[in-house]
Amino acid sequence: MDEIFEKLQAVVDRYDELNELISDPEVISDTQKFMKLSKEEADLRDTVATFNKYKDVTGQLDDDEEMLRSKIDDSELESMVKEEISDLRDQKEQLEEEMKILLLPKDPNDDKNIIMEIHGAAGGDEGSLFAADLFNMYSKYAEKQGWNVEIVDEADTEVGGFKEIVLMITGNKVYSKLKYENGAHRVQRIPVTESAGRVHTSTATVGVMPEEEDVDIEIDPKDIKTDVYRSSGAGGQHINKTSSAVRMTHLPTGIVVAMQDERSQQQNRAKAMKILKARVYDYYAQQEKDQYNAERKSAVGSGDRSERIRTYNFPQNRVTDHRIGLTLNKLDRVMNGELDDIIDALVVSDQAQKLENLNND
């Protein structure tokens, strides 16, 4: 634990320094710098509070153990001290585990908003209907978290499903919770079109990408081919008379983004660029992740969208996350946006794997 205490003391020292800096009038007058330092201070706050609590607990524990060694005459008081020592030892052990987790390397994307893409995959109409069900599930979960959901692009089907739907979800630490949803989601149920009552298996894929700001990824304008054309669909005469729709192609990767749901070309350009940056970032990040996973496979899977991560069995009201072997018999509630049990278990599994990696390094 000595190495951990050294790291924690370094965190405390930095925290104290940050509190001095954000009280400095020069820093306060520099809005950008003040916000950056304030965010860093907020990120360290829980770690410092936990370490301070640990020091209080160990200090009290030392005092109680010293009192016990000095031979207490009062048997009732001795009993109370022994009970408190037992409680303090449990607290100490729990706080040590919490501190280890707080010191784990943080995913730099955890605080970010996300762009989520849901595609109907295997199963035709049923796959597209399941994509719509997943969209509703994530929308309800986002609502419970106090997040905002905006539909960026969609391609629906005649049966009421989606070939593809692209969402932007904004709020507090969205990526930290929804990053585990990357992958293929399998559904087992009787389709509405099935007259014989047989259970079919279909899939939809989910892609989760952090929303990228200019500072995160630079795309050379020479690498982007931009085409403009007239929008199609609902929107009245305006939509037919002006070339407001935008198609952007990132030449090095071949990634294409088309945007036409805004009324002006400028708005569509801005939105298309935001999606393009996220997809390009995801493309290169996935290449790095594949290389890393070849050396050490993560406990929650590689995140590849071809990897089946979860099965939703409607006849048995059962959902199973295959990466961690978690099965819950409350699929109806999960589809209603109650994802906390699954996501919390994935977070714990991820932390346990990182702790094991840290101990082995």
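By the naming in an unreviewed UniProt entry, the chain goes by Peptide chain release factor 1 and is assigned to Lentilactobacillus kosonis. A UniProt comment under Sequence similarities (unreviewed entry) is attached to the chain, and it reads "Belongs to the prokaryotic/mitochondrial release factor family."

## Describing unusual backbone geometry
In this structure, K173 is a non-glycine residue whose phi angle is positive, near 55 degrees. You will see that N317, though not glycine, has its phi angle at about 50 degrees, which is positive. Following the sequence through the fold, N317 ends up in the loop between β9 (308-313) and β10 (318-321). In this structure N317 comes out as partly exposed when scored by relative accessible area, which is 27%.

## Considering the pattern of salt bridges
One pass over the structure, following the stated rule, counts 21 salt bridges. In this structure, E41 engages R45 in a salt bridge whose closest nitrogen and oxygen atoms are separated by 2.7 Å. Separated by four residues within a single helix, E41 and R45 lie in helix α3 (residues 31-69), roughly one turn from each other. On the basis of relative accessibility, which here comes to 7%, the residue E41 falls in the buried class. A salt bridge links E66 to R69; the nearest nitrogen and oxygen atoms lie 2.9 Å apart. Here E66 and its partner R69 are both found in helix α3, three residues apart, which amounts to about one turn of the helix.

Thresholds applied
Residues numbered from 1 in each chain as written. Predicted model: local features only at pLDDT ≥ 70, side-chain atom pairs only at ≥ 80, totals over all residues. Heavy atoms only, no water. UniProt positions renumbered as here; feature names shortened; annotations may be inferred. Helix = DSSP H or I, 4+ residues; strand = E, 2+ residues; numbered from the N terminus. Buried < 20%, exposed > 50% of the residue type's maximum accessible area, 1.4 Å probe, protein only. Salt bridge = Lys/Arg side-chain N within 4 Å of Asp/Glu carboxyl O.

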